[in-house]
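Report on the structure
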Protein chains: 2
Amino acid sequence: MRDRLLRAALGQPVDTTPVWFMRQAGRYLPEYRRLRERYSLLDLCRDPELAAEVTLQPLRRMDVDAAILFSDLLIPLWGMGLQFHVEEGRGPVLPAPLSAEEAAGLPELDLQAVEFVPKTVQLLRSVLDRPLVGFAGAPFTVAAYLLEGRPSRDWPRTRAFLHRYPDAWHRLASRLASNLATYLKAQVQAGAQAVQLFDSWVGVLSAGDFRWAVRPYLVQVLQAAEGAVRIYFATGCAHLLGEFRHLPTEVVGVDWRVDLREAGRLADGKAVQGNLDPARLLGDPQALRAEASRIVEQGRAVRGHIFNLGHGVLPDTDPDRLAELVDWVHERGRRT
Amino acid sequence: MRDRLLRAALGQPVDTTPVWFMRQAGRYLPEYRRLRERYSLLDLCRDPELAAEVTLQPLRRMDVDAAILFSDLLIPLWGMGLQFHVEEGRGPVLPAPLSAEEAAGLPELDLQAVEFVPKTVQLLRSVLDRPLVGFAGAPFTVAAYLLEGRPSRDWPRTRAFLHRYPDAWHRLASRLASNLATYLKAQVQAGAQAVQLFDSWVGVLSAGDFRWAVRPYLVQVLQAAEGAVRIYFATGCAHLLGEFRHLPTEVVGVDWRVDLREAGRLADGKAVQGNLDPARLLGDPQALRAEASRIVEQGRAVRGHIFNLGHGVLPDTDPDRLAELVDWVHERGRRT
């Protein structure tokens, strides 16, 4: 098996810099859009054959070092008796934000209701020659969707909830932590060699609030995935990097805002994943290559570096441009 | 005149910590909501009598150390032949995002078209016993609205535009800089003793992109307001603080994510404004006071500190709670 992603994550020597992309399966691929003419996004997630097919699509076009399970952050809600839908160009929307009472009374995960996820993992493992990255949302980020009811810029209802209903928050976060731990563990047991925990919106919190409201629950979920390579990803988190070094994770994923070497210094011995601005892929090809080279070089100075974007692939991205980037990273990252 | 805000901004001794709030005039005030039953937000901005009335409303309820001109970030667009409307709960929306051609061809500001703004400033100066803070959006943040067409979480079209059309970007930013400089200068000449430049969304950029795409234009606008106390405000900017120390501004305003002492250290001799999370006002009153005290204490360690929220007052805020906070800050900040 092609294992350079796992080796880099563990700080072991690699032949070249491993690379994969967040949202490497998705709307920018014409073959994905063709499937979407017949199926909704959630239909694709729910059917193991279709989810596996979408997961594999980018691997037929580009030489990435991992597949990432095609799914949605809020899928586990189906195992908690909650419904949501996905609005095109906007993201997941709930019928209404959860009340404090509803938040405090969230039920235990019914894994049966989402068994199609570990099934998809098994299916993929039987055909893949490289690692499969499973994934889940981190408790804070999933809670933010529940409390806001829809995507938000800086999640004011969620921040207010922490301070207005601290007891309900602890109950919600604790239940989400155990549910997401179960959900992630099921993926690892089904064969995912790595998992990425998306804490996309945690950067709206101060370090103080991160410590009391987020960290204990995050640790619980990460610990449940022990044995797999764990990647913890957050955006807009320059002020939280110093907090991440103590998390039980092998890799810290960062966005394009932060300096990769600085992230490596603050993550203190963990591997680092990132961090090309996905918007760069829409610009001048030569400038893109120069920026990618710069990131590859910075990555040589950290304990382990996995090349990725700073956030998901943008829908306007040219797939050929992305495939060329993979080859460029592999070439520039070669160890001699 | 009550001048402790100006004194703190210049690093001069003060009797106590000055305090005002972003969006201290607005939807959380019942008297404002009553006006909004008869007038749209933009109608209120456009009429000097009404805009002055709204500006003064919070001063009748709380002992803040400054008034902030009631207006909207995109008002100067009316002097550039562009239209927008404001969607309730969403923010300003343009008919369509600007094309590269439109962006590169933005006209010079017709100050006549927005003369109601300096008129409002004059009106306010004739009745105020404390400083008036004028304001404008910074070039990047105004450009982001133009290029995205609507509020966004991390402004991907704008980031892509920088890299896809660097020449059009420079033309757009350069024209916006000279237009916003004119607009801000008119407020200073009309009597605003301080101005705040809102660069609310610049935190989506890396330091590298900030340097080439933002800094020169920002400097141009700030220089135009020389003579007034200048406050440069950005959110989510922990990774950019080191860049701000070289800006021609007396004060750097920061949000709740960053540590105020760290901001003071990085701003290196500038005064610092901030940074209570507005969501705290919706929580337990005792915890709120403790957090406010902590921030006041941190502020004593920086060159000059102006107490503020880390972003605008949230609509659910109780005005009495806010008025109590002002008194609390003044009491805790007293110099002996």
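About the thresholds
- Residues numbered from 1 in each chain as written.
- Chains lettered and ligands numbered in written order.
- Predicted model: local features only at pLDDT ≥ 70, side-chain atom pairs only at ≥ 80, totals over all residues.
- Heavy atoms only, no water.
- Contact = heavy atoms within 4.5 Å.
- Buried area = accessible area lost by both parts, 1.4 Å probe.
- Salt bridge = Lys/Arg side-chain N within 4 Å of Asp/Glu carboxyl O.
- Polar contact = N/O pair within 3.5 Å; in protein donor to acceptor, adjacent residues only side chain to side chain.
- Helix = DSSP H or I, 4+ residues; strand = E, 2+ residues; numbered from the N terminus.
- Nonpolar A, V, L, I, M, F, W, Y, C, P; charged D, E, K, R; others polar.
- Buried < 20%, exposed > 50% of the residue type's maximum accessible area, 1.4 Å probe, protein only.
- Pairing = 2+ DSSP bridges.
- Right-handed = clockwise from strand over helix to strand, strands pointing away.
- Core = buried A, V, L, I, M, F, W, Y, C linked by side-chain atoms within 4.5 Å.

1. Some details on the interface of chain A and chain B
Across the contact, 31 residues belong to chain A and 31 residues belong to chain B. With both sides pooled, the region where chain A packs onto chain B buries about 2600 Å², and carbon together with sulfur makes up 52% of that total. Considering only the side of chain A, the residues that lose the most area to chain B are Arg153, His163 and Arg257 of chain A, jointly responsible for 27% of the buried surface there. Taken together, chain A and chain B are joined by 4 salt bridges. Between chain A and chain B we count 13 residue pairs in polar contact (both at pLDDT 80 or more) in total. Elements with a minimum of two residues in the side of chain A that touches chain B: α8 (156-164) and α10 (207-224) of chain A. Residues that form the side of chain A that touches chain B fall into these classes: 14 nonpolar, 7 polar and 10 charged.

2. A look at the pairing of strand β9 (residues 305-309) of chain B
Looking along a regular strand, one sees the side chains alternate between the two faces of the sheet. All names here are of chain B. Where burial is concerned, most of β9 is hidden: 5 out of the 5 residues are buried. In β9, alternate side chains face the same way, and those of His305, Phe307 and Leu309 on one face and Ile306 and Asn308 on the other are all buried. Bridge analysis of strand β8 (residues 271-276) against β9 gives 5 bridges, and the strand direction is parallel. Bridge pairing in β9 places glycine 274 opposite phenylalanine 307. Read as a crossover between parallel neighbours, the route from β8 over helix α13 (residues 285-300) to β9 is right-handed.

3. Considerations on the nonpolar core
A general trend in soluble globular proteins is that nonpolar side chains are found buried together. Membership of the largest hydrophobic core comes to 131 residues, with the highest contact counts inside it found for Phe21, Trp169, Phe244 and Phe307 of chain A. Here this core takes 10 residues from helix α9 (residues 166-189) of chain A, the largest share from any one element. Those residues in contact with phenylalanine 307 of chain A that sit more than four places away from it in its chain are Thr17, Pro18, Val19, Trp20, Phe21, Gly274, Leu276, Ala292, Ile295, Val296, Leu325 and Val329 of chain A. Phe21, Leu106, Tyr145 and Leu247 of chain B belong to the second largest nonpolar core, which has 130 residues in total.

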